[in-house]
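A structural walkthrough
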Amino acid sequence: MDTASTGAYDDVRAASRALATEAVHAGRDDLARQGLHAPPIDLSTTYPSYDSRAEAARIDAFATDGADPVGPPVYARLGNPTVARFETALARLEGTESAVAFASGMAALSAVLLARSAMGLRHVVAVRPLYGCSDHLLTAGLLGTEVTWTDPAGIGDALRPDTGLVMVESPANPTLAELDLRAIAHACGSVPLLADNTFATPVLQRPAGQGARLVLHSATKYLGGHGDVMAGVVACDEEFAGRLRQIRFATGGVLHPLAGYLLLRGLATLPVRVRAASANAAELARRLAADPRVARVRYPRLGGAMIAFEVHGDPHELISRVRLVTPAVSLGSVDTLIQHPASISHRIVDAEDRRGAGVSDRLLRLSVGLEDVDDLWADLDQALGEPALTPVPLREAVH
């Protein structure tokens, strides 16, 4: 039986392995010894046990600290061997002790907030922009949290005795603003810094090495990489991972084993995909910046496959004219996607707050894929249309 679990491969881990090697081998190191090459998919929801006393002891141990039960699996809501392989691999890539996977990125963030709130630490300090649904979850207080929005320089002054978390994104969604994570971690003091690393991935940035105690991913994006799996994951130390596992068990936000398998497979090509897509994005950003039909281009200093740009014309018209590029939400897939954040991903954020964070009504977000860059440019070129003599006034979209 496949009995993989987070931390199960300590005997074969090598701290000196390069990230590209870890991406291929982490979470799979035991396979050859089992006579396997591809990781198995364990779809069981429950597992036989003839020793109910031992089961009771294992459940008691899990209830105490949330550690993975020693021995064979118990129940799918408690943990799954296939998902554990992905967790092991992601922790290795992010340089943390552990990682805990969830059914979506929002489920992962919710678990973090619930874990801190359970300790009486309901206050969150956050820097805009964040992903629109993350912003809404904090602002609406749906989980009983209270948020103080600030700029990076104001984080220290915003902290309170009941502050349980500081949350940032860098590069930020959708403006691609970059933050000094090391300086922010220092300003947080003893309060954990949660960095959303969805856009950068561990290929370009490892926030834990810069002082972040929690690293969040919408694994739906680059970690999966093919637009066919939804998941979230938090990379962190083992103590906090135990709390997250307990919340996952209690709330049921578990990741399906097939999704865990697809994510593990996605990690194997993550460095290659990110670097190839980043090369395309850098070239497209250069061409867009030189185009008179484009008012502004934002591209991160650390690189990546995301571009944000504003047009002089109507961004809704550009969206309607693309043919090779897909007009759709989400990002990080092998194909190129474009969307209008003010209409979709950040529509749920108050308009004044949205614009104050740099998400203008003319901003477009481009997730660059692996197509030939000249084909992508040809599509964007025709979609941009003829240059306008003066900026075109925007019509409010109907929703």
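Every chain is numbered independently, its residues counted from 1 as its sequence is written. Totals for whole chains, interfaces and linings use every residue, but because this is a predicted model, local features are given only for residues with pLDDT of at least 70 and side-chain atom pairs only at 80 or more, for both listing and counting. Excluded from the side-chain calculations are hydrogens and water; all other atoms, namely the structure's heavy atoms, are used.

If you look the protein up in an unreviewed UniProt entry, it shows as Methionine-gamma-lyase from Streptomyces echinatus. UniProt positions are given in the numbering used here, feature names are shortened, and annotations may be inferred rather than shown by experiment. Its UniProt record gives the protein the following Sequence similarities (unreviewed entry) comment, quoted word for word: "Belongs to the trans-sulfuration enzymes family."

Note on soluble globular proteins: their nonpolar side chains tend to be buried together. Within this scheme, the nonpolar core is defined by two criteria: the residues are buried Ala, Val, Leu, Ile, Met, Phe, Trp, Tyr or Cys, and they are joined through side-chain atoms within 4.5 Å. Think of it in three bands: with a 1.4 Å probe and only protein chains considered, a residue is buried below 20% of the maximum accessible area for its type, exposed above 50%, and partly exposed in between. Ranked by size, the top nonpolar core spans 37 residues in total, and within it Phe86, Leu223, Val233, Leu263 and Leu270 carry the most contacts. Only DSSP runs of H or I with at least four residues qualify as helices, and only runs of E with at least two residues qualify as strands; both kinds are numbered from the N terminus onward. Breaking this core down by element, the ones donating at least two residues are α3 (81–94), β1 (98–102), β7 (232–236), α10 (257–268), α11 (270–289) and β9 (306–311). Boundaries between domains were set according to an automatic or database domain assignment. Residue assignment places this core across two domains, with domain 1 (19–269) and domain 2 (271–384) each supplying three or more. When neighbours within four sequence positions are excluded, Leu223 is seen to be in contact with Phe86, Leu90, Pro202, His217, Val233, Leu263, Gly266, Leu267, Leu270 and Arg273. In terms of nonpolar packing, the next biggest core, distinct from the first, is built from 25 residues, Val100, Ala126, Val234 and Ala241 among them. We call two residues in contact when some of their heavy atoms are within 4.5 Å.

A word on the sheet that holds strand β4 (residues 163–169). Across the sheet, 7 strands lie side by side as β1-β7-β6-β5-β4-β2-β3; this open sheet has mixed pairing. The outermost strands of the open sheet, each flanked by one partner alone, are β1 and β3 (146–149). For this sheet the average axis-to-axis angle between neighbouring strands, irrespective of direction, equals 20°. A strand pair is defined by DSSP finding two or more bridges across the two strands. Two elements, β4 and strand β5 (residues 193–196), share 4 bridges in a ladder whose sense is parallel. Axis lines are fitted through C-alpha atoms, for helices just across the contact stretch, and the angle between N-to-C directions can take any value from 0 to 180 degrees.

This part covers the packing of α10 against α11. Two elements in contact, α10 and α11, have axes whose closest approach is 4 Å; the angle formed by their N-to-C orientations is 60°. Between α10 and α11, the crossing angle belongs to the class labelled oblique. Residues Gly266, Leu267 and Ala268 of α10 touch α11, and the partners they reach there are Leu270, Pro271 and Arg273. In terms of residue class, the contact of α10 with α11 is built from 4 nonpolar, 1 polar and 1 charged. Orientation categories follow fixed angle ranges, with anything under 35 degrees roughly parallel, anything over 145 roughly antiparallel, 65 to 115 roughly perpendicular, and all other angles oblique. Polarity classes work like this: nonpolar for Ala, Val, Leu, Ile, Met, Phe, Trp, Tyr, Cys and Pro, charged for Asp, Glu, Lys and Arg, and polar for all others, with Gly in that last group.

Glancing now at the sheet that holds strand β12 (residues 363–367). Across the sheet, 5 strands lie side by side as β8-β9-β12-β11-β10; this open sheet has mixed pairing. Since the sheet does not close on itself, it has two edges, and those belong to β8 (294–298) and β10 (326–327), each with one partner. Bridging between β10 and strand β11 (residues 337–339) involves 2 bridges; their strand directions are parallel. Counted as the bridge partner of Thr326 is Leu337 from β11. Of the strands in this sheet, β8, β9 and β12 touch α11, which is tilted by about 15° from β9.

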